[in-house]
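Tertiary structure, described
Letter by letter, the chains look like this.
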Amino acid sequence: VFSNSEQCWFIALVVGSDEATVTVRFLSANGDRREKALHREDPTLADLGSYTDGSVLPPGILAVPSSSRPGQYSYLDSEDKRKYATRDLAWQAYLEKHLIDVDPDATVMEGSMG
């Protein structure tokens, strides 16, 4: 998702949707929790990796050789000691850990649908 206030793209987690809109949460550059509601066709909403470096892993996640898929990697959460089969799943777990079930007063609403 593109943050208008920070003028850059962030990896976000979809936390709600209906036929017309999507609500996402993301961590800003300084670690603040942000939430944004967008129309599904909004150009500031894109698939993972479209505008971010596809090789970047979440903080604390390490790429390790897969024990069940020779020649491929798994992604290890060094804190929780959990492995994920893909980078996308590692990002999902990281964002859920930091953005779900948190104090709603700690989340900043960004922008508005217009």
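Residues numbered from 1 in each chain as written. Predicted model: local features only at pLDDT ≥ 70, side-chain atom pairs only at ≥ 80, totals over all residues. Heavy atoms only, no water.

Notes on the environment of Val 24
Counting through the fold element by element, Val 24 comes out in strand S4 (residues 21-27). The class of Val 24 is buried, set by a relative accessible area of 1%. Considering only alpha carbons, one finds Val 24 and Val 14, 10 residues apart in sequence, at a separation of 4.3 Å. Ignoring any residue separated from it by four or fewer positions in sequence, one finds Val 24 in contact with Val 1, Ala 12, Leu 13, Val 14, Val 15, Arg 34, Glu 35, Lys 36, Leu 38 and Leu 45. (Helix = DSSP H or I, 4+ residues; strand = E, 2+ residues; numbered from the N terminus. Buried < 20%, exposed > 50% of the residue type's maximum accessible area, 1.4 Å probe, protein only. Contact = heavy atoms within 4.5 Å.)

Details of the sheet that holds strand S6 (residues 61-65)
Sheets are built from strands paired through backbone hydrogen bonds, the pairs being either parallel or antiparallel. Spatially, 3 strands are ordered S6-S7-S8 in an open sheet, and the strand pairing comes out antiparallel. Of all the strands in the sheet, just S6 and strand S8 (82-84) have a single pairing partner and so form its edges. Within this sheet the neighbouring strands show an average axis-to-axis angle of 35°, counted without direction. Note: S6 against strand S7 (residues 73-77), 5 bridges, orientation antiparallel. Its bridge partner being in S7, Ile 61 is matched across the sheet by Asp 77. (Pairing = 2+ DSSP bridges. Axes fitted to C-alpha atoms, helices over the stretch in contact; angles between N-to-C directions.)

Let's talk about the pairing of strand S3 (residues 12-17)
Of the pairings in the sheet, the one linking S3 to S4 comprises 5 bridges and is antiparallel in character. Bridge pairing in S4 links Leu 13 to Arg 25. The hairpin turn running from S3 into S4, its antiparallel successor, is 3 residues long.

Things to note about the layout of surface pockets
The computed volume of the largest pocket comes to approximately 350 Å³. For the largest pocket, the lining is made up of 20 residues, of which Ile 11, Ala 12, Ala 46, Asp 47 and Leu 48 are closest to its centre. For the lining of the largest pocket, the secondary structure elements donating two or more residues are S3 and helix H1 (87-99). Broken down by element, the lining of the largest pocket gets its largest block of residues, 4 residues, from H1. (1 Å grid on protein atoms, 1.4 Å probe; cavity = no way out; pocket = protein on both sides within 12 Å on 5 of 7 lines; lining within 4 Å. Points joined across faces, edges and corners; volume = space filled by probe spheres on them.)

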